[in-house]
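One letter stands for each residue in the lines below.
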Amino acid sequence: MEVQQKRRGAALLRQKLKKMTHKAGVYRMLDENGTVLYVGKAKNLKNRLTNYTQTERLSDRIRQMVSKVADLMVIETAGETEAFLLENDLIKKFRPFYNVLLKDDKSYPYIVMTDEEVPRLLKYRGERRLKGTYFGPFLSGLAVQQTLKELQKIFGLRTCNNTYFHNRSRPCLLYQIKRCSGPCCACIDLKAYQASVREAKAFLKGEKTHIQKQLQKQMDLLAAAEKYEEAAVIRDKILALNQIQDTDSDQMPKQTDIAVLAKNDGKICVQVFFYRAGHAEGNVSQVFDEAEETSETLSSYLMQLYDKIPAPKQIFLNMSPEEGLQEALTLKAGYPVRLIEPPYRGGRKKRVEQAFQNALNTLKRLENEASGSQVWEELRALLEIDELIKVEVYDNSHLQGTAAVGAMIAADQNGFLKKDYRRFNIDGTLAKTNDDFGMMKEVMSRRLKRGLSENNLPSAMLIDGGKGQLSAVLEIMNELNIHNIAVLAVAKGVERNAGKETLFLGTRPNEEIHLDLKSNLIHLIQRLRDEAHRFAIGSHRMRRARNMFHETLLDIEGIGEKRKKMLLRHFGSPRAIAGASLEQIKHVEGINEKIAKKVYTFYHD
């Protein structure tokens with residue numbers, strides 16, 4: 001019956017092809033009830049629709065669709081640009097089942113500065129009916145809330161609705177916690193408030209450096225006039241701006257997106273990275289099981305995406321789009337939209353390559369997830385246990401015995417269990433902090449004793465180390481009479497090379513185990529070990545940083561009194577300096593790259 005339906009659908013299309021032209025246009029495929037199954041476009045209708053009659057070359061999804069076709073409607077257009085626009089309108093109208101691009105109704109949030117006598121800041125979704133200046137889109141509501149919070153701290157703009165605003169007799173709590181300047185009760189005059197509005201708009205447009213210089217001048221003038229309280233308010237604004245300054249030294253042009261398409265093992269991923277005000281605002285993506293033409297898939301995705309949000313003025317691609325897409329996006333946007341194709345150089349090349357790699361990694365991650373259960377079963381077999389529910393991985397970190405920390409991460413078949421991660425501060429009372437075997441015994445003793453009391457022990461434990469660490473763990477397990485946990489030690493490879501690890505199983509501690517360097521199992525073990533190492537290093541750095549806050553910046557070679565004041569003036573405190581990135585430190589006036597690296601290394605290495 002199914003074969004007959006496929007033949008019927010293909011036969012109907014062959015019949016329709018007899019009167020088809022070679023012009024550009026849009027076609028609709030309908031089932032016997034008149035429901036639109038699919039909307040597509042073509043620069044050559046006859047050639048495009050001929051492909052649907054060769055069912056043996058079609059994917060399973062398209063073959064299934066063709067079997068249901070009972071009618072075909074075609075609209076010829078003047079060119080590909082008009083075909084793009086018409087196809088997009090028809091997809092929005094009919095929402096066909098077999099058009100898989102952007103089927104969700106998700107809208108992206110914006111920040112709006114309203115056009116009112118006393119403007120307010122709002123998070124906004126949907127059709128842009130509210131009068132005001134729009135900034136965005138943002139990829140998540142959380143990003144909008146965070147940005148609004150920072151804007152309130154720096155500029156003191158109101159976020160309340162008009163009814164609440166016009167009926168206030170005294171300032172609200174936001175004024176008390178310095179998140180609003182209180183225009184409702186004339187705590188700030190209108191002229192000063194309008195100046196804050198202009199500064200906030202400039203900030204959202206990416207003009208942070210210009211604002212900082214203006215504020216610095218204002219603060220210096222107020223301080224010279226001995227208006228210290230007002231100068232302190234400006235100082236706090238500068239500090240807040242410094243903390244959220246853009247750390248990307250290789251900025252993209254304003255209002256720019258990067259759109260890439262990657263293929264791997266029969267799947268396609270389209271990803272679009274948003275850059276607004278010169279810095280990254282996140283990305284959106286979609287994965288498809290199959291597609292006929294990659295350029296068609298990318299072009300259709302962009303057409304539908306920028307129907308939901310305004311298109312930027314520039315879009316960097318990793319491949320050539322279909323003809324007519326640029327003109328169609330320009331017509332829809334109402335301003336020139338430029339599609340830029342490879343080759344690229346410098347920073348643009350790097351960003352497009354990064355975007356492509358990110359899309360490729362998305363496909364590989366999906367592939368890995370699909371094979372995850374098989375690899376987990378291989379790990380269970382290696383550990384020689386009947387059931388593997390949860391595995392814990394242990395590692396230690398210290399610097400010549402200081403700030404010693406033991407770390408434990410946990411994972412199951414579905415991935416890492418971050419809520420189960422644990423840190424163990426080692427103070428030297430039970431084990432010397434430069435004794436790796438002793439530290440492992442202390443960590444394992446504390447973990448297993450608590451696990452026994454709470455009846456919360458894992459199926460298996462992976463230890464970062466060789467025979468010595470394994471012996472230390474087995475000794476503690478024997479003391480506590482624990483024999484139902486599999487233990488695997490992972491000794492680093494020759495010259496610490498990943499892929500050449502030697503494994504030792506707790507039941508056979510003297511027998512070396514070597515796995516295929518290309519096997520999924522060794523990659524899983526490496527991933528578990530690397531995550532434990534990352535968590536251990538991070539825990540050690542956190543503890544070391546806490547211990548360093550009492551140390552003066554003068555302990556760093558090349559940091560004199562003048563540079564110390566510059567850093568403290570910019571960041572506000574040693575804790576803020578310790579938490580700053582290398583790029584943020586380089587932004588400080590008077591700090592070159594060499595000095596910035598010394599400061600960063602002092603707190604992080």
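Above this text you will find the structure in question.
Let me sum up the structure you'll find in this document. A quick note: this is a predicted structure, and the numbers were derived from the prediction, not measured. (Residues numbered from 1 in each chain as written. Predicted model: local features only at pLDDT ≥ 70, side-chain atom pairs only at ≥ 80, totals over all residues. Heavy atoms only, no water.)

### Concerning the overall build of the protein chain
Looking only at helices and strands, the protein chain features 21 helices and 19 strands. The contacts of the protein chain with a sequence gap of at least 6 include a subset with a gap of at least 24, amounting to 60%. Carbon and sulfur atoms make up 48% of the accessible area of the protein chain, which amounts to about 31700 Å² in all. (Helix = DSSP H or I, 4+ residues; strand = E, 2+ residues; numbered from the N terminus. Contact = heavy atoms within 4.5 Å. Areas by Shrake-Rupley, 256 points an atom, 1.4 Å probe, with all protein chains shown as cover.)

### With respect to the packing of helix α4 (residues 80–94) against helix α11 (residues 294–308)
Where α4 meets α11, the closest approach of the two axes is 10 Å, and the angle between their N-to-C directions is 65 degrees. Crossing angle aside, the handedness with which α4 passes α11 is right-handed. In this structure, α4 uses F84, L85, E87, N88, I91 and K92 to contact α11, whose residues at the interface are S299, S300, M303, Q304 and D307. Of the residues belonging to the contact of α4 with α11, the class tally is four nonpolar, four polar and three charged. (Axes fitted to C-alpha atoms, helices over the stretch in contact; angles between N-to-C directions. Left-handed = near helix turned anticlockwise from the far one by under 90°. Nonpolar A, V, L, I, M, F, W, Y, C, P; charged D, E, K, R; others polar.)

### Looking at the sheet that holds strand β5 (residues 121–124)
With respect to topology, three strands assemble into an open sheet ordered β5-β4-β6, the strand pairing being antiparallel. This sheet does not close on itself; its edge strands, each paired only once, are β5 and β6 (132–135). Averaged over all pairs of adjacent strands, the angle between strand axes in this sheet comes to 30 degrees, irrespective of strand direction. Here strand β4 (residues 110–114) runs beside β5; their pairing, made up of four bridges, is antiparallel. If you follow Y110 over to β5, its bridge partner there is Y124. Packed on one face of the sheet, helix α8 (residues 190–204) meets β4 and β6 and runs near 155 degrees to β4. (Pairing = 2+ DSSP bridges.)

### Quick word on the pattern of salt bridges
Going through the model one piece at a time under the given rule, you end up with 23 salt bridges. When the shortest N-O distance is used, the salt bridge between K332 and D307 registers 3.2 Å. Here the residue K332 occupies a position in helix α12 (residues 325–333), and D307 occupies one in helix α11, the gap between them amounting to 25 residues. Residue classification places K332 among the partly exposed residues on the basis of a relative accessible area of 31%. Salt bridges linked by common partners bring K390, E392, K419, D420 and R447 together as one network. (Salt bridge = Lys/Arg side-chain N within 4 Å of Asp/Glu carboxyl O. Buried < 20%, exposed > 50% of the residue type's maximum accessible area, 1.4 Å probe, protein only.)

### Description of the packing of helix α5 (residues 141–155) against α8
The geometry of α5 relative to α8 is characterised by a closest axis approach of 10 Å and an angle of 140 degrees between their N-to-C directions. Compared by their axis directions, α5 and α8 come out oblique. In this structure, α5 crosses over α8, and the sense of that crossing is right-handed. The residues of α8 that touch α5, namely those facing T147, L151 and F155, are S196, E199, A200, F203 and L204. Taken together, the residues of the contact of α5 with α8 break down into five nonpolar, two polar and one charged. (Parallel < 35°, antiparallel > 145°, perpendicular 65-115°, else oblique.)

### Some words on the sheet that holds strand β1 (residues 25–30)
If you trace the three strands from one edge of the open sheet to the other, you get β2-β1-β3, paired in antiparallel fashion. Pairing within the sheet leaves two strands with one partner each, and these edge strands are β2 (36–42) and β3 (71–76). Recorded for the sheet is a direction-independent mean angle of 15 degrees between the axes of neighbouring strands. Where β1 and β3 come together, six bridges link them in antiparallel fashion. Each residue of the ladder has a partner; that of Y27, found in β3, is V74.

### Looking at the nonpolar core
Within the largest apolar cluster, 32 residues are counted, with the highest numbers of intra-cluster contacts made by V272, Y301, L302, L305 and Y306. Broken down by secondary-structure element, the contributors of at least two residues to this core are α4, β4, β7 (256–264), β8 (267–276), β9 (279–288), α11, β10 (314–317) and α12. Of the residues forming this core, the biggest block, six residues, is contributed by α11. Not counting chain neighbours up to four residues away, the residues in contact with V272 comprise D257, I258, A259, G282, N283, V284, Y301, L302, L305 and Y306. Core analysis: the next-biggest nonpolar cluster, separate from the first, contains 28 residues, L383, V393, A460 and L524 among them. (Core = buried A, V, L, I, M, F, W, Y, C linked by side-chain atoms within 4.5 Å.)

### Focus: the environment of I238
In this fold, I238 is placed in helix α10 (residues 228–243). Considered as a pair, I238 and M219 are 19 residues apart in the sequence and their alpha carbons are 9.3 Å apart. When sequence neighbours within four positions are dropped, the list of residues in contact with I238 reads L215, Q216 and M219.

### Notes on helix α14 (residues 372–383)
Taking 1.5 Å per residue, twelve residues should reach 16 Å; α14 reaches 17 Å between its end C-alpha atoms and fits that length. When α14 is considered as a whole, its buried residues turn out to be G372, V375, W376, L379, L382 and L383. One side of α14 holds all its buried residues, which, seen down the axis, span an arc of 115 degrees. Remark: E384 follows α14 within two positions and exhibits a positive phi of approximately 60 degrees. (Expected span 1.5 Å × (residues − 1). Arc of directions from axis to C-beta.)

### Observations regarding the packing of aromatic side chains
On inspection of all chains with the given rule, the structure shows eight aromatic pairs. Measuring from centroid to centroid gives 6.2 Å for Y27 and Y38, while their planes differ by 35 degrees, and the two rings are tilted. Taken as a pair, Y27 in strand β1 and Y38 in strand β2 lie far apart in primary sequence, eleven residues in all. Y38 sits in the buried class, given a relative accessible area of 9%. Ring geometry for F316 and Y344: centres 5.6 Å apart, planes at 70 degrees, overall edge-to-face. (Phe/Tyr/Trp six-rings, centres within 6.5 Å; stacked < 30°, edge-to-face > 60°.)

In short, geometric facts, not functional conclusions.
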